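Commentary on secondary and tertiary structure
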Amino acid sequence: MSDALSEDGSDINHDDSQEDVMTPAELIAKLEEAWLNEKFSPELLENKSEVVECVMEQLTHMEANLQRVKKGDTKASIHRMEIDRIRFVLSSFLRSRLQKIEKFFPHVLEREKSRGEGDPSLLSPEEFAFAKEYYANTETYLKAIALKRMPPNLQTVDMLKAVPEPCLDSFVFLRVKERQENILVEPETDDQREYVVDLEEGSQHLMRYRTIAPLVSSGAVQLI
């Protein structure tokens, strides 16, 4: 299991000369981190298709090992509980992503379309296909139910304007993993001024998501 990358190139390690091999424990920790970030972030985050694939392979391996354990062995029930826990985290992570795709589908597709060459992919190939199909089905439904009964000049709809964008100004709890200096915090009211803060490693904060969104993407902070 490695942190270097997948065939679609969506999560390529910056150091091509060295491949970071993860232990099963590190892999599960990476999944849990991605799960919490996705769960508490107001927007859809970068896809973690390699982590998902590696976890699924690990689950298959764990299931195979479980078959070799003697019936009645206490280890079997403990391993089964761990497998179920990992499956729950993985399912919850994927479900959170699908819910955001359904909620913000035109904006998600627009972001994916406008990302620069070499930028990490927002969607996995399967999620991209789902988002496009959801967009097409929504348009078809609107035309069949409402738009065809409207005056000709009102029979089109701009999905980007019709569907609300993620609220990046919502507040989130976070834990700092790597010390950050000179983080610019925007004022919350008109009578306040913007100010700069340092985030110490291990400290916890309640901050506007927009302010720390780049730090979530880089892995410098963890949403909690």
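Basis of the calculations
- Residues numbered from 1 in each chain as written.
- Predicted model: local features only at pLDDT ≥ 70, side-chain atom pairs only at ≥ 80, totals over all residues.
- Heavy atoms only, no water.
- Helix = DSSP H or I, 4+ residues; strand = E, 2+ residues; numbered from the N terminus.
- Buried < 20%, exposed > 50% of the residue type's maximum accessible area, 1.4 Å probe, protein only.
- Contact = heavy atoms within 4.5 Å.
- Areas by Shrake-Rupley, 256 points an atom, 1.4 Å probe, with all protein chains shown as cover.
- Lys, Arg positive; Asp, Glu negative; His and termini not counted.
- Charge placed at Lys NZ, Arg CZ, Asp CG, Glu CD.
- Pairing = 2+ DSSP bridges.
- Axes fitted to C-alpha atoms, helices over the stretch in contact; angles between N-to-C directions.
- Salt bridge = Lys/Arg side-chain N within 4 Å of Asp/Glu carboxyl O.
- Parallel < 35°, antiparallel > 145°, perpendicular 65-115°, else oblique.
- Nonpolar A, V, L, I, M, F, W, Y, C, P; charged D, E, K, R; others polar.
- Core = buried A, V, L, I, M, F, W, Y, C linked by side-chain atoms within 4.5 Å.
- Phe/Tyr/Trp six-rings, centres within 6.5 Å; stacked < 30°, edge-to-face > 60°.
- Left-handed = near helix turned anticlockwise from the far one by under 90°.

Tallying secondary structure elements over the protein gives 6 helices and 5 strands in all. Secondary structure elements in the protein, listed N-terminal to C-terminal, are α-α-α-α-α-β-β-β-β-α-β. On the principal axes, the C-alpha backbone points of the protein span a range of 70 × 50 × 40 Å. By the burial criterion, 34% of the 224 residues in the protein qualify as buried. Of all intrachain contacts in the protein linking residues separated by at least 6 positions in sequence, the fraction that spans at least 24 positions is 66%. When the accessible area of the protein is evaluated, it comes to approximately 14400 Å², of which 52% is carbon and sulfur surface. On the protein, the mean spot of the 28 positive side-chain charges and the mean spot of the 43 negative ones are 8 Å from each other.

What follows concerns the sheet that holds strand β5 (residues 221-223). The sheet built from 3 strands is open, its strands ordered β4-β1-β5 with antiparallel pairing. Two strands lie at the open edges of the sheet, namely β4 (204-208) and β5, each paired on one side alone. This sheet shows a mean twist of 40° between the axes of neighbouring strands, independent of strand direction. Strands in contact with helix α1 (residues 24-40) are β1 (171-176) and β5; relative to β5, the strand with the most contacts, it is inclined by about 65°. Seen against the sheet, helix α6 (residues 209-218) touches β1, β4 and β5 and runs at an angle of roughly 120° to β4.

Counted according to the given criterion, the structure contains 16 salt bridges. Each of Glu-38, Arg-97, Lys-100 and Glu-127 takes part in one network of salt bridges that share partners.

Another aspect to go through is the packing of helix α3 (residues 74-114) against helix α4 (residues 125-145). It is at 9 Å that the axes of α3 and α4 come closest, and there the two elements cross at 90°. Judged on the interaxial angle alone, α4 and α3 are roughly perpendicular. Here α3 contributes Arg-97, Leu-98, Ile-101, Glu-102, Phe-105, Pro-106, Leu-109 and Glu-112 to the contact with α4, which in turn contributes Glu-127, Phe-128, Phe-130, Ala-131, Lys-132, Tyr-134, Tyr-135 and Thr-138. Partitioned by chemical class, the residues of the contact of α3 with α4 number 10 nonpolar, 1 polar and 5 charged.

On to the nonpolar core, then. Of all hydrophobic cores here, the largest spans 18 residues; its most connected members are Leu-27, Leu-31, Val-55, Leu-59, Ile-86, Leu-90 and Phe-93. Taken together, the elements giving at least two residues each to this core come down to α1, α2 (49-67) and α3. A total of 7 residues in this core trace back to one element, the largest contributor, which is α2. Those residues in contact with Leu-31, other than ones at most four positions away along the chain, are Val-51, Val-55, Ile-86, Val-89, Leu-90 and Phe-93. Listed in part, the 16 residues of the second largest apolar core include Leu-174, Val-176, Met-207 and Ala-220.

It is worth spelling out the packing of aromatic side chains at this point. Using the criterion set out here, one finds 4 aromatic pairs in the structure. For the ring pair Trp-35 and Phe-88, a centre distance of 6.2 Å and an interplane angle of 80° mean the geometry is edge-to-face. Residue Trp-35 is located in helix α1, and its partner Phe-88 is located in helix α3; the two are separated by 53 residues in the primary sequence. Its relative accessible area of 14% is what places Trp-35 among the buried residues. Using a relative accessible area of 52% as the deciding quantity, one classes Phe-88 as exposed.

On to the packing of α2 against α3, then. Where α2 meets α3, the axes come as close as 11 Å, and the angle between the chain directions of the two elements is 160°. Relative to α3, α2 is oriented roughly antiparallel. When the axes of α2 and α3 are compared, the crossing they make is left-handed. Every residue of α3 that contacts α2 at Val-52, Val-55, Met-56, Leu-59, Met-62, Glu-63 and Leu-66 is listed here: Ala-76, His-79, Arg-80, Glu-82, Ile-83, Ile-86, Arg-87, Leu-90, Phe-93 and Leu-94. Here the contact of α2 with α3 is built from residues that sort into 12 nonpolar, 1 polar and 4 charged.

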